[in-house]
Amino acid sequence: MQLIDAQLGKIAEFAAILRGGGLVAFPTETVYGLGADATSSDAVLKIYETKGRPRFNPLIVHCADLAMAEMVAEFSPLARTLAAVWPGPLTLVLPKRPEAGISDLVTAGLDTVGVRVPDHPLALALIAAAGRPLAAPSANPSGKLSPTTAAQVRTALGKSVPVLDGGPCKAGVESTILRVEGDTVTQLRAGAMAREEIESILERPVLTASSDSPIAAPGMLASHYAPRATLRLDARGPRPGEAYLAFGITPPTVSLMPRGELGEARNLSPSGDLREAARNLFAMLHDLDAQSTAIAVAPIPHGGLGEAINDRLRRAAAPRG
Ligand code: TXA
Ligand code: MG
């Protein structure tokens, strides 16, 4: 809390940078974002340049509250039902309201827009002080691991971007993305809000976008969140020379490995808690990536947040294109 209070003192300065068309990095409950005024094409262009991001990959618009979001996008009653979870790790892709003046660079020319209200006091204070919606992708070079601490943002982006430090992100994986079109709700990206939680709100199943559909998520490239090290998934234990990312109780083969042969190891959650694992995922991958060229990853269950964790791991392991 002390950290947050100290950083709240910087909000006015950071909001002024945003209003002047500059970039700032800020914490959200999912990962750190690289923010710009979503209504300024010049400002948004700097995001694409700083990240080296393909221009066809649209950005999420972060709003201070539902009222701001309703200026950016058209909400059906169904969309409002889902928006009741805000502030929270859920992005809704809805018809864009042209009169809001959101830059076409944010939406990559689509007539839909992704909006969310992040659940972090610094993010909410920053958006409110800037007085406009913020376009913000994760604050990492395109295709690399998303940052969950301020230190990772500084390492990835250097000194050119000021960073609000909100401590480690509590969710640790990006928001779940849903497209709402008429009566249809389609999950475009698994994320920090579990499918089961969404289905219990809707009282029906959520569709899944097929990965080859172009609309699915223009930015969902197979190789994404890539560490430098190679990843071997569903590994019961490390081979000599591999670092190990464990989950749950460490298998006896690993505990019995001779000291010299056991590389660096981390455990996503010794108690097998998927929330804890999601929170630790990127930070531990960052960590092991800095120390090893090969990482073996334990099998992770697929339910709940396991869907997002397995999705990120698959992308991190995919061959680089
Ligand atoms: O948790 C998060 O969502 C984080 C934090 C910073 O809020 N942001 C984030 O942004 O993950 P980014 O840029 O890394 O991912 C945005 C995703 C992309 O896959 C993009 O294709 C999708 O959102 N997206 C945005 N607008 C869209 C739209 N109109 N239609 C379909 N997909 C959209
Ligand atoms: Mg990203």
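Located above this text is the structure these notes cover.
Each value, and the rule that gives it
Residues numbered from 1 in each chain as written. Chains lettered and ligands numbered in written order. Predicted model: local features only at pLDDT ≥ 70, side-chain atom pairs only at ≥ 80, totals over all residues. Heavy atoms only, no water. Helix = DSSP H or I, 4+ residues; strand = E, 2+ residues; numbered from the N terminus. Rg over C-alpha atoms; globule rule 2.2 N^0.38 Å. Contact = heavy atoms within 4.5 Å. Buried < 20%, exposed > 50% of the residue type's maximum accessible area, 1.4 Å probe, protein only. Pairing = 2+ DSSP bridges. Near = heavy atom within 4 Å. Polar contact = N/O pair within 3.5 Å; in protein donor to acceptor, adjacent residues only side chain to side chain. Areas by Shrake-Rupley, 256 points an atom, 1.4 Å probe, with all protein chains shown as cover. Nonpolar A, V, L, I, M, F, W, Y, C, P; charged D, E, K, R; others polar. Axes fitted to C-alpha atoms, helices over the stretch in contact; angles between N-to-C directions. Salt bridge = Lys/Arg side-chain N within 4 Å of Asp/Glu carboxyl O. Core = buried A, V, L, I, M, F, W, Y, C linked by side-chain atoms within 4.5 Å. Arc of directions from axis to C-beta. Lys, Arg positive; Asp, Glu negative; His and termini not counted.

Student: Describe the overall build of the protein, listing the residues and the values that go with them.
Tutor: The helix and strand inventory of the protein stands at twelve helices and 13 strands. Computed over the C-alpha atoms, the radius of gyration of the protein is 19 Å, within 12% of the 20 Å expected from 2.2 N^0.38 for a compact globule of 321 residues. Reported as C-alpha extents along the three principal axes, the dimensions of the protein are approximately 65 × 45 × 40 Å. Taking the contacts inside the protein whose residues are at least 6 apart along the sequence as the reference set, 66% of them involve residues at least 24 apart.

Student: So what's going on with the pairing of strand 11 (residues 243–246)? Residues and values would help.
Tutor: Of the two faces of strand 11, the one carrying Ala243 and Leu245 and the one carrying Tyr244 and Ala246 are both buried. By the bridge criterion, three bridges tie strand 11 to strand 12 (residues 265–267) in an arrangement that is parallel. Looking at the pairing, Tyr244 lines up with Ala265 of strand 12.

Student: Outline the site of ligand 1, listing residues and values.
Tutor: The environment of ligand 1 is made up of 27 residues, and the closest members are Thr30, Arg53, His62, Ser175 and Arg189. Contact between ligand 1 and Arg53: an oxygen atom at 2.9 Å from a side-chain N or O atom of the residue. Computed on the free molecule, ligand 1 has an accessible area of 680 Å², of which 98% lies beneath the protein chains in the complex. Put simply, the parts of the chain that give the shell around ligand 1 at least two residues each are strand 3 (60–62), strand 5 (112–116) and strand 8 (184–189). For the shell around ligand 1, the leading source of residues is strand 5, giving four residues. Grouping the constituent residues of the shell around ligand 1 by class yields 14 nonpolar, nine polar and four charged.

Student: Give a detailed account of the sheet that holds strand 12, specifying residues and quantitative values.
Tutor: Taking strand neighbours across the sheet as the criterion, the four strands line up as 10-13-11-12 in an open arrangement whose pairing is parallel. Either end of the sheet is taken by a strand with one partner, and the two such strands are strand 10 (230–232) and strand 12. Strand-to-strand twist of the sheet, defined as the mean angle between neighbouring strand axes without regard to direction, takes the value 20°. Against the sheet, helix 11 (residues 274–291) engages strand 10, strand 11, strand 12 and strand 13 (294–297), with an angle of about 175° to strand 12.

Student: Explain the pattern of salt bridges to me, and be specific about the residues and the numbers.
Tutor: One pass over the full model with this rule turns up 17 salt bridges. With a closest N to O distance of 2.9 Å, Glu174 and Arg312 form a salt bridge. Of this pair, Glu174 sits in the loop between helix 8 (150–157) and strand 7 (176–181) while Arg312 sits in helix 12 (residues 306–317), and the two are 138 residues apart along the sequence. When sorted by exposure, Glu174 lands in the same class as Arg312, which is buried. Of the charged contacts, one joins Asp311 and Arg312 as a salt bridge, the two residues approaching to 2.6 Å between their closest N and O atoms. We note that Asp311, like Arg312, is buried. Taken together, the shared-partner salt bridges in this structure form one network comprising Glu174, Asp311, Arg312, Arg314 and Arg315.

Student: Break down the sheet that holds strand 7 for me, citing the residues and quoting the values.
Tutor: Across the sheet, which stays open at both edges, the nine strands sit in the order 1-2-6-3-5-4-7-8-9 with mixed pairing between neighbours. Since the sheet does not close on itself, it has two edges, and those belong to strand 1 (24–26) and strand 9 (207–208), each with one partner. Here strand 8 runs beside strand 9; their pairing, made up of two bridges, is parallel. Residue Gln187 lies in a different strand from strand 9, and its bridge partner there is Thr208. Contacts between helix 3 (residues 41–51) and the sheet are confined to strand 2 (33–37) and strand 6 (134–135), with strand 2 contributing the most and set at about 155° to the helix.

Student: Report on the nonpolar core, specifying residues and quantitative values.
Tutor: Where a protein is soluble and globular, its nonpolar side chains tend to be buried together. With 62 residues, the main nonpolar core has Val61, Phe75, Leu82, Trp86, Leu92, Val115 and Leu126 as its most contacted residues. The element contributing the most residues to this core is helix 7 (residues 121–130), with five residues. Not counting chain neighbours up to four residues away, the residues in contact with Leu82 comprise Leu90, Leu92, Leu178, Val180, Val185, Ile198 and Leu202.

Student: How would you sum up helix 8? Please name residues and give values.
Tutor: Residues of helix 8 that are buried: Ala150, Gln152, Val153 and Leu157. On an axial view of helix 8, the arc spanned by its buried residues comes to 155°, and they lie on one face. Where helix 8 is buried, its residues contact strand 1, strand 2, helix 3 and helix 11. Gly158 occupies a position one or two residues after helix 8 and carries a positive phi of about 75°.

Student: Describe in detail the environment of Leu157, supporting the description with residues and values.
Tutor: Along the chain, Leu157 falls in helix 8. Remark: the alpha-carbon pair of Leu157 and Lys51, spanning 106 residues in sequence, is separated by 8.2 Å.

Student: Account for the side chain of Arg53, with residues named and values stated.
Tutor: Looking at the secondary structure, you find Arg53 in the loop between helix 3 and strand 3. It is Glu174 that comes nearest to the buried, bridge-free Arg53 among opposite-charge side chains, at 8.9 Å. Polar contacts involving the side chain of Arg53 include one to the main-chain carbonyl oxygen of Pro58, which spans 2.9 Å. When near neighbours in sequence (up to four residues on either side) are disregarded, Arg53 contacts Tyr48, Pro58, Leu59, Pro137 and Ser142.

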